[in-house]
Every structure is written in structure tokens, then in C-alpha cells.
Amino acid sequence: MNDNDVLGLLIFANELDGRHAPNEAKVYAWQEALQEGAASLTVDFAKDFIRKHYANTDVMLSPSMLVTAWNKSRRIAAEARLALENHNPETHCGRAGCRCT
């Protein structure tokens with residue numbers, strides 16, 4: 001994400017939680033943290049996560065929350081792809097000879 005993307009996310013988060021106070025230093029700090037922990041994080045994912053986060057809690061958002069959610073999402077997607085690629089009808093429930101689908 002570039003500076004403008006991070007600034008937009010901080011402004012969005014600030015509208016939901018006025019404690020964020022977006023400024024130049026915060027944009028650069030968040031950008032570095034997000035780049036370090038989740039370089040491929042998308043703006044759409046981050047905005048959706050922020051919206052859902054503040055719909056369910058009033059805990060102040062941090063970069064680590066976004067990084068953790070992104071990495072979990074990527075891991076789940078990778079596991080799902082792997083399961084589809086290695087589809088074996090008998091492995092879905094773990095019981096040999098199972099006929100359930």
C-alpha cells in the first residue's frame with residue numbers, strides 16, 4: 001500500500017474511532033508496519049476488516065490486528081486451494097471408505 005492508501009484507511013478508521021488522528025508520522029509508521037507484516041495486504045481487505053472490527057468492538061485498531069487478519073485470511077485461502085488441488089473423496093472427513101459427500 002502506498003502513503004495515500006494508508007492515509008485513507010486511517011481517515012476511515014478515525015471516522016469510526018476518533019482516537020486515530022491521522023498525520024504524516026502515523027501514516028509512515030503504519031505503512032512500515034503493514035509492509036513488514038503483510039506486504040500484499042489490499043486496501044479493500046483492510047477497509048472491510050476495519051468496518052467489521054468497529055461494528056463489533058470499541059478496542060482501538062492497531063496495525064498488528066490488520067496483519068494478523070490478513071495472514072490468517074491468506075493461510076485459509078492457501079489451505080483451501082491445496083485441498084481442492086489434492087481432492088480425494090476419502091480425505092474430507094478422515095474416515096477411510098466413507099461415502100458421505
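Structural notes, computed from the coordinates. The model shown is predicted, which means the values in this text are computed figures rather than measured ones.

Rules behind the numbers
- Residues numbered from 1 in each chain as written.
- Predicted model: local features only at pLDDT ≥ 70, side-chain atom pairs only at ≥ 80, totals over all residues.
- Heavy atoms only, no water.
- Helix = DSSP H or I, 4+ residues; strand = E, 2+ residues; numbered from the N terminus.
- Buried < 20%, exposed > 50% of the residue type's maximum accessible area, 1.4 Å probe, protein only.
- Polar contact = N/O pair within 3.5 Å; in protein donor to acceptor, adjacent residues only side chain to side chain.
- Contact = heavy atoms within 4.5 Å.
- Core = buried A, V, L, I, M, F, W, Y, C linked by side-chain atoms within 4.5 Å.
- Phe/Tyr/Trp six-rings, centres within 6.5 Å; stacked < 30°, edge-to-face > 60°.
- Lys NZ or Arg CZ within 6 Å of the ring centre and 35° of its normal.

1. Some remarks on the side chain of Q31
For Q31, the position within the fold is in helix α2 (residues 24-37). Exposure remark for Q31: the relative accessible area of 18% places this residue in the buried category. Of note is the side chain of Q31, whose polar atom sits 3.2 Å from the side chain of D3. Among residues more than four places away in sequence, those in contact with Q31 are M1, N2, D3 and V6.

2. Quick word on the nonpolar core
Counting residues in each nonpolar core, the largest one holds 16 residues, and the members touching the most others are W30, L34, L41, I50, L61 and L66. The set of elements that each furnish at least two residues to this core consists of α1 (3-16), α2, α3 (43-56) and α4 (63-85). When residues of this core are assigned to their parent elements, the largest contribution, four residues, is made by α1.

3. A few points about the packing of aromatic side chains
Scanning the model with the defined rule gives one aromatic pair in all. Taking the centre distance of 5.0 Å and the plane angle of 75 degrees together, the rings of F45 and W70 count as edge-to-face. Taken as a pair, F45 in helix α3 and W70 in helix α4 lie far apart in primary sequence, 25 residues in all. The lysine or arginine in question, K47, covers the ring of F12, its NZ or CZ lying 5.0 Å from the ring centre.

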